[in-house]
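# Residue-level structure breakdown
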Amino acid sequence: MRQVKIATWNINSVRMRRLIVERLLNEAAPDVLFLQETKCQDGQFPVADFRKLGYDHVALNGGRGGYHGVAIVSRLPLADVQVREFCEKVGDPRHISAVIGEGNSAFRVHNFYVPAGGDEPDATINPKFDHKLRFLDEMKDFLPTAGGGLPDVVVGDLNVAPHEHDVWSHKALMKIVSHTPIECEKLEAVRSSVGYVDIARRFVPLEEKLYSWWSYRAKDWRAADKGRRLDHIWAHPNMAARVSDFRILKDARDWDRPSDHAPVVVSIEV
DNA sequence: ATGTCCCTGACCCAGGGA
């Protein structure tokens, strides 16, 4: 019996933040790191830097490079890497998945970057919000059939803070994209379509404030603490009991030239 | 709460995206 440690992090440009990715690999030492918003074409990804640290297995979906982009950086082999397009959008890299482990302990991890959705929470006038809602609907249809017999884990920047205490003020954010009722309902519908367990809330009660993102725009993000829990790790119901050591590495929000998201980490028994 | 940060493309700044 051993533990596989996984981390998910919206890095907001992997080239700009190569050094703090290395810091995470050195200090938190995940076996597998799932990145979102790499903003990097596959040929520009700093593969050699991570390989030096023992992360020999890299799977990329970077598209044309400027926007979005997801990646997997691993010191364990990655099998059957798959990339799926959502909402029939070409060049909109928001998903990559791979199988980790072997035999009875193998599982697939889906790494998602859900569309942010723009500012106006009205799908009739804001195409970005419409895209976000359609993306969530498509996830709900996709995931129940995506496992291929293996249990799976969903990680990533899902860009929705679904519960009251996943935001600094439920009342203030009810009409703000990321916490509107329709988004929260749709994200919960995705999760319950397979019965995934929201690992963060298995370890931290729903009544307790819990965030993974703090805006760059706050003067003192830590003092203001106006955060949102946008980054998630969900485990298949058959796997949830194998997940432990949940942490949000809030200190990384203060590293040199930080991302506005903090890494989320768990260990999985294999 | 209109603030900050990163991208691209074109040229050291504007506009889009988050």
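Higher on the page you've got the structure.
We now turn to the structure provided with this report. Since we're looking at a predicted model, the values are computed, not measured.

As a further point, take the sheet that holds strand β8 (residues 152-157). Strand order in the open sheet formed by six strands is β5-β6-β7-β8-β12-β9, and the pairing between neighbours is mixed. Each edge of the sheet is formed by a strand with only one pairing partner; in this case those strands are β5 (79-82) and β9 (197-198). As judged from the six bridges shared by strand β7 (residues 107-113) and β8, these two strands associate in the parallel manner. Each bridged residue has a counterpart across the sheet, and for V109 the counterpart in β8 is V153. This element, helix α3 (residues 127-146), spans β6 (95-100), β7 and β8 of the sheet and lies at about 170° to β7.

Here T145 shows up in helix α3. Classification of T145 as exposed rests on a relative accessible area of 66%. Taking the C-alpha atoms as reference points, T145 and V194, 49 residues apart in sequence, are found 9.3 Å from one another. Separated by 3.0 Å, the side chain of T145 and the backbone oxygen of F142 make a polar contact.

Here the focus is the protein's contact with DNA strand B. Neighbouring DNA strand B are 17 residues; S13, M16, R17, Y216 and R217 lie closest to it. Sugar plus phosphate: this is where 64% of the atoms of DNA strand B within 4 Å of the protein reside. One of the side-chain nitrogen or oxygen atoms of K128 is found 3.3 Å away from a phosphate oxygen of DNA strand B. A per-class count over the surface near DNA strand B returns five nonpolar, four polar and eight charged.

Thresholds, definitions, all that
Residues numbered from 1 in each chain as written. Chains lettered and ligands numbered in written order. Predicted model: local features only at pLDDT ≥ 70, side-chain atom pairs only at ≥ 80, totals over all residues. Heavy atoms only, no water. Pairing = 2+ DSSP bridges. Helix = DSSP H or I, 4+ residues; strand = E, 2+ residues; numbered from the N terminus. Contact = heavy atoms within 4.5 Å. Axes fitted to C-alpha atoms, helices over the stretch in contact; angles between N-to-C directions. Buried < 20%, exposed > 50% of the residue type's maximum accessible area, 1.4 Å probe, protein only. Polar contact = N/O pair within 3.5 Å; in protein donor to acceptor, adjacent residues only side chain to side chain. Near = heavy atom within 4 Å. Nonpolar A, V, L, I, M, F, W, Y, C, P; charged D, E, K, R; others polar.

Functional significance is not addressed by these values, which are geometric in nature.
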